[in-house]
Amino acid sequence: MTTPSNLQRVLEQGHFAVTAEIGPPKGASGETVRRHAALLRDCTDAQNVTDNQSAVVHMCSLAAAVHVLQAGGEPVFQLTTRDRNRLALQSDLLGAASLGIRNVLCLTGDHQKFGNHPQARGVFDLDSVQLVGLARRLCEGRFLNGDEVKPPPELFVGAVENPFAGPLPLRVLRLGKKIAAGARFIQTQAVYDIELFARFMAAVREQGWDKEVSILAGVVPPKSAGALRYISKVPGMVVPDKLIRRMKGAADQAREGKRFAVELIRHLRTIKGVRGVHIMAIRWEEAVPEIVTEAGLLPRPHADKY
Amino acid sequence: MIVARRKPAPPLLAAATGRRTVLVAGCKGCVAVCGVGGEREVRLLAAQLELAAKRLGQKRTVLRATVARQCDPGFLSSFDSLMEQAEACFSLGCGVGVQYMAERYPAKPVFPAVDTVFAGGSPAAGLWEERCRMCGECVLGETGGICPVSRCAKGLLNGPCGGSVNELCEIGHNQPCAWNLIYERLAGQGRLEGLTVITPPKDWSRAGAGVRSVVREDLMP
Ligand code: SF4
Ligand code: SF4
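Residues numbered from 1 in each chain as written. Chains lettered and ligands numbered in written order. Predicted model: local features only at pLDDT ≥ 70, side-chain atom pairs only at ≥ 80, totals over all residues. Heavy atoms only, no water.

**Re the overall build of chain A**
Selection criterion: Secondary structure counts use DSSP, requiring at least four H or I residues in a row for a helix and at least two E residues in a row for a strand, with both numbered from the N terminus. In this treatment the radius of gyration is a C-alpha quantity, and the globule benchmark scales as 2.2 Å times the residue count to the 0.38 power. Think of it in three bands: residues with accessible area under 20% of the maximum for their type are buried, residues over 50% are exposed, and the middle band is partly exposed, with areas taken using a 1.4 Å probe on protein chains only. Calculation of accessible area relied on Shrake-Rupley with a 1.4 Å probe; when residues are assessed, cover is drawn exclusively from the protein chains displayed. Charged residues are defined here as Lys and Arg on the positive side and Asp and Glu on the negative side; His and the ends of the chain fall outside this count. One atom stands in for each charge, and that atom is NZ of Lys, CZ of Arg, CG of Asp or CD of Glu.
Helix and strand content of chain A: 11 helices and 8 strands. Against the compact-globule benchmark of 19 Å for 306 residues, chain A has a radius of gyration of 18 Å, which places it among compact chains. In terms of overall dimensions, chain A has C-alpha extents of about 60 × 45 × 45 Å along its principal axes. Taking all 306 residues of chain A together, the buried fraction comes to 58%. Taken as a whole, chain A presents about 12,400 Å² of accessible surface, with 51% of it coming from carbon and sulfur. Between the centroid of the 40 positive side chains of chain A and the centroid of its 31 negative side chains there is a distance of 3 Å.

Set out below in structure tokens:
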């Protein structure tokens, strides 16, 4: 199914895609989102807005995605099953499409225990595989209950995968389920251990899935050795000690973090089946244009806007 | 079995304040097995309630009785004469027992003295673990006998989330990731292909709010 998504067009025309993440604010102003979207719109193909990231309350991703649109960007609307049941998920997808949002990323979400309201009741009515299936079904014109959707939304549906959470065969198997459910693009957890990631990609290629889905490798530029050490403690993250030492030894750690991200992107481009990168510069969106420039990924392909 | 935890004393003692005669009602079922609601615990709570009154210079009579199962109305009649004297009841039964007591004695307050927590078992002395959330649509046949509804912190039905670390669940407590256990069990049985099947969204109406009931006409009088 083709959708009006710029990201889909870029990928299907065989370009190496670049997406970046924008964190919505913890307040009622869309100004920073619009500023970040304006900053990123010309150096990336689409911009993800996170959905109550780390289970911490932020402005809703749907509203933030509209701010991205207003600033001339192309949002990837992130949607978690932690906070919504099947009614809310479907109505949010319809609302998003009605507002001109063309990409959705389906996630389970971090457990509420990690957030700023650990007493909350997690919803988890569906899991992420089921959410991918639900989004596809909506686009095909059916609600989960079989009723007709008129008109159906047009959404480029994506999902995430964490190649590092192990065991590898289980991760690959789960990716296969997401593809079978209807995911057309996959954004991965941040890559720091490139060997482990290459092994994951080899397993994916063995199944032939690199041809069925566009895989965008996650890149999180570390701002400092301290930040990297913090990242290494996030569930499901693998950060080699060597890299932490390298960051610690640098005179200008922020500069070193960007240099690492550029090297990583160059390396990722050489791995067969990697169709793009997803840069998650957590509260450091300003670093992205420079990283993309130095990695030689500019100018971005010009796909017609609508 | 049903696993429960004793409520802390202060709110119970507060609820008893000013009441001269109360009943502490125990149960010999699950709550006795998990060490919170049997005869021994009835004695303990009764002593606490007596002592608390004495400290305030008040007089209080604490009646005590334990039945085979508070969750079975047939056993409750032995509380009748005691409840006639009592101004209130502290039930050490599970949530079902407390409700049946409250239903039988609607004029008197019944306070739960335990928090009913889960359906589980005791794999080792002093340890109880949840094993079933009574979802009404059991999937254990597909998951190698390991329950993802109760043992996965997110109740996922299609494999693990991205947060497991070293095969442990992301929410910590050193609990294994349920999906890792399922994977290993099915791998051991040569049934991994089962994991490639997409499980559709669950019918939670069967786990539902409102009253669920099981009817067996063959057992009815
Ligand atoms: S699947 Fe449902 S019924 Fe079966 S053990 Fe788990 S919670 Fe209980
Ligand atoms: S780590 Fe495993 S058990 Fe814990 S929430 Fe994720 S899938 Fe469930």
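**Quick word on the UniProt feature "domain: Methylene-tetrahydrofolate reductase C-terminal-like" (unreviewed entry) in chain B**
In plain terms, the rule: UniProt positions are given in the numbering used here, feature names are shortened, and annotations may be inferred rather than shown by experiment.
UniProt records the feature "domain: Methylene-tetrahydrofolate reductase C-terminal-like" (unreviewed entry) at residues 111-205 of chain B, using the numbering of this structure. Here residues 111-205 of chain B is 16% helix and 20% strand, with 30 Å between the C-alpha atoms at its ends.

**Side note on the confidence of the model for chain B**
Rules: One number per residue, pLDDT, summarises how confident the predictor is, and it ranges from 0 to 100.
Scored by pLDDT, chain B comes out at a mean of 94, with 100% of its residues at no less than 70. As a predicted assembly, this complex carries a pTM of 0.93 together with an ipTM value of 0.91.

**Regarding the site of ligand 2**
Our working rule: Residues are labelled near a given molecule or strand when at least one of their non-hydrogen atoms is within 4 Å of it. Classification used: nonpolar for Ala, Val, Leu, Ile, Met, Phe, Trp, Tyr, Cys and Pro, charged for Asp, Glu, Lys and Arg, polar for all others including Gly.
Every residue close to ligand 2 is listed here: B:Cys152, B:Ala153, B:Lys154, B:Leu156, B:Pro160, B:Cys161, B:Ser164, B:Cys169, B:Glu170, B:Cys177, B:Ala178 and B:Trp179. For the shell around ligand 2, the per-class residue count stands at 9 nonpolar, 1 polar and 2 charged.

**Side note on the sheet that holds strand S7 (residues 127-132) of chain B**
Residues and elements named next belong to chain B. Quick reminder of the rule: Here, a strand pair is defined by DSSP locating no fewer than two bridges between the strands. In this analysis an axis means a line fitted to C-alpha atoms, helices contributing only their contacting stretch, and an angle means the value between N-to-C directions, from 0 to 180 degrees.
Taken in spatial order, the 3 strands line up as S1-S6-S7 in an open sheet, and their pairing is antiparallel. Two strands in the sheet have a free side with no partner beyond their single neighbour: strand S1 (2-6) and S7. Across the sheet, the mean angle from the axis of one strand to that of its neighbour is 70°, orientation sign disregarded. Note that strand S6 (residues 114-124) and S7 share 4 bridges and pair antiparallel. Across the sheet, residue Gly-120 finds its bridge partner in S7, namely Glu-130.

**Some words on the pairing of strand S1 (residues 17-22) of chain A**
Residues and elements named next belong to chain A. With respect to burial, S1 is a largely interior element, 6 of its 6 residues being buried. Covered by surrounding structure in S1 are Ala-17, Thr-19 and Glu-21 together with Val-18, Ala-20 and Ile-22, the residues of both alternating faces. One ladder, built from 4 bridges, connects S1 with strand S8 (residues 274-279); its direction is parallel. When the bridges of S8 are listed, Ala-17 appears paired with Gly-276.

**Describing the packing of helix H6 (residues 168-181) of chain A against helix H7 (residues 194-207) of chain A**
All names here are of chain A. So the rule is basically this: For this classification, under 35 degrees means roughly parallel, over 145 means roughly antiparallel, 65 to 115 means roughly perpendicular, and everything else is oblique. By definition, turning the near helix anticlockwise from the far helix through less than a right angle yields a left-handed crossing, and turning it clockwise yields a right-handed one. It only takes one pair of heavy atoms within 4.5 Å for two residues to be counted as in contact.
Running from amino to carboxyl end, H6 crosses H7 at an angle of 50°, the nearest separation of the two axes being 10 Å. With respect to their mutual orientation, H6 and H7 come out oblique. Here the hand of the crossing between H6 and H7 comes out right-handed. When H6 is examined against H7, the residues Leu-168, Arg-171, Val-172 and Leu-175 are found in contact with a partner set consisting of Arg-199, Phe-200, Ala-203, Val-204 and Gln-207. Classifying every residue of the contact of H6 with H7 gives 6 nonpolar, 1 polar and 2 charged.

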